[in-house]
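Here is what each chain is made of, one letter per residue.
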Amino acid sequence: MTKIAFGSDHVGFELKPTIIDYVKELGYEIEDLGAYSDKRTDYPIYGKKVGEAVSSGNADLGIVICGTGVGISLAANKVPGIRAACVSEPYSAELSRRHNNSNILAFGSRVVGSELAKMIVKSWLNAKYEGGRHQRRIDELNAEDRKDSKLFNSIVESDNPKYQD
Ligand code: RB5
């Protein structure tokens, strides 16, 4: 069963259980990595926790929530191998998986309501990475994660006449 790790700061805390219940209804296993109350805290703690859960393979995917989704996605993206997409509508959520192979979804509880958040989550979970022309960009991100400039430049310079977009 696909396992989704959840994280939020105190601002995202209230929306998180609604989204957790929804994701469970869709048939996924979940793990809530905090925050566990609305006591003031810091989003980097939970972005990092969810990022590490996904990068280590303890979870397949992650969903993170703060006020805007921005701070917690920035934190998650510090973890090598993480591609966290901060979105506020379903189209970008879907494309973030199809094109960017995002492995963490981020949104803001001060930006989207619970019904829009559910639509975003469903679009994201239902979409599949397409590979193909997108893979060289993921390879470039992976090379950058490893600070391997030589590999990064070799991918950039490699010819790919097959693809236009
Ligand atoms: C907390 O005040 C707020 O800054 C945080 O939830 C988030 O929106 C940051 O990106």
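Structure's up top.
As the structure is a computational prediction, the values presented were derived from the model and not from experiment. (Residues numbered from 1 in each chain as written. Predicted model: local features only at pLDDT ≥ 70, side-chain atom pairs only at ≥ 80, totals over all residues. Heavy atoms only, no water.)

Colleague: Mind showing me how you'd approach the sheet that holds strand 5 (residues 104-108) here?
Modeller: Backbone hydrogen bonds hold the strands of a sheet together, and the pairing may be parallel or antiparallel. The sheet built from 5 strands is open, its strands ordered 2-1-3-5-4 with parallel pairing. A strand with exactly one partner marks an edge of an open sheet, and here the two such strands are strand 2 (29-32) and strand 4 (84-86). Averaged over all neighbouring strand pairs, the angle between strand axes comes to 20°, with direction disregarded. Taken together, the 3 bridges between strand 4 and strand 5 define a ladder with parallel strand orientation. Bridged to A85 within strand 5 is L105. Packed onto the sheet, helix 1 (residues 16-25) meets strand 1 (3-8), strand 2, strand 3 (61-66) and strand 5 and runs at close to 175° relative to strand 1. (Pairing = 2+ DSSP bridges. Helix = DSSP H or I, 4+ residues; strand = E, 2+ residues; numbered from the N terminus. Axes fitted to C-alpha atoms, helices over the stretch in contact; angles between N-to-C directions. Contact = heavy atoms within 4.5 Å.)

Colleague: Can you help me understand the site of the ligand in this one?
Modeller: Inspection of the region around the ligand gives D9, V11, Y43, C66, G67, T68, G71 and R110 as its neighbouring residues. Interatomic distance of 2.6 Å between a side-chain N/O atom of D9 and an oxygen atom of the ligand. G67 places a polar main-chain atom, nitrogen or oxygen, 2.8 Å from an oxygen atom of the ligand. Within the complex, 69% of the 300 Å² of free accessible area of the ligand lies under protein. Class assignment for the residues of the shell around the ligand results in 3 nonpolar, 3 polar and 2 charged. (Near = heavy atom within 4 Å. Polar contact = N/O pair within 3.5 Å; in protein donor to acceptor, adjacent residues only side chain to side chain. Areas by Shrake-Rupley, 256 points an atom, 1.4 Å probe, with all protein chains shown as cover. Nonpolar A, V, L, I, M, F, W, Y, C, P; charged D, E, K, R; others polar.)

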